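Notes for the structure review
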Amino acid sequence: MGSVRKASAWLGLVDDNDDERYYDDDYSEGTEQPGDAWVTDPRVKVATDTAEEKGRRIGTVTPDSFRDARAIGELFREGVPVIVNLTAMEPGDAKRVVDFAAGLTFGLRGTIERVANRVFLLTPANTEIVSGEPARRREDGFFNQS
């Protein structure tokens, strides 16, 4: 098979008729246990496991009613920043959830910030919010175009 054909097959543009190279004679069925994560290399960790170990998780909750506020509270108590999307809620229930979230963040010394219309970010006390706004240009710096 030519290199152009191999590249096209790898990209999925043409059918790869050389299927035999994908089979492994040592493969035995039924060796995996239910719930085992499938990884190609034992040194590779599943992304969610690594994120949980390093505390790099962010929860997103889109509640339908005030009953879903419990999910927000449970995530936040674990120290996970939570994005709360209230766009699917009625205005009265959305106000109750915002009041709940404000009390939750106050009680656990976190912060609540409005990200967009009816979307809020709840951050625990040990989390720093980094603004994506460009740094101010210095008068004597590189960006001085005058």
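For the structure itself, consult the block above.
Residues numbered from 1 in each chain as written. Predicted model: local features only at pLDDT ≥ 70, side-chain atom pairs only at ≥ 80, totals over all residues. Heavy atoms only, no water.

Right, let's talk about the pairing of strand 2 (residues 82-85) for a bit. The side chains of a regular strand alternate between both faces of the sheet. Along strand 2, the buried face is formed by Val 82 and Val 84; none of Ile 83 and Asn 85, which line the opposite face, is buried. Judged from the three bridges that link them, strand 1 (residues 59-61) and strand 2 form a sheet pairing that is parallel. Bridging from a neighbouring strand, Val 61 pairs with Val 84 of strand 2. Regarding topology, helix 3 (residues 69-77) serves as the crossover connection from strand 1 to the parallel strand 2, and that connection is right-handed. Sheet analysis places strand 2 next to strand 4 (residues 119-123), joined by four bridges and oriented antiparallel. Residue pairing for strand 4: Ile 83 is matched across the bridge by Leu 121. (Buried < 20%, exposed > 50% of the residue type's maximum accessible area, 1.4 Å probe, protein only. Helix = DSSP H or I, 4+ residues; strand = E, 2+ residues; numbered from the N terminus. Pairing = 2+ DSSP bridges. Right-handed = clockwise from strand over helix to strand, strands pointing away.)

Looking now at the nonpolar core. By size, the foremost hydrophobic cluster in this structure holds 13 residues, and its most contacted members are Ile 72, Val 82, Val 84, Leu 86, Val 97 and Leu 122. Those elements giving two or more residues to this core turn out to be helix 3, strand 2, helix 4 (91-107) and strand 4. Of the residues forming this core, the biggest block, four residues, is contributed by helix 4. Residues contacting Ile 72, with those up to four places away along its chain left out, are Val 61, Val 82, Val 84, Val 97, Leu 104 and Leu 122. (Core = buried A, V, L, I, M, F, W, Y, C linked by side-chain atoms within 4.5 Å. Contact = heavy atoms within 4.5 Å.)

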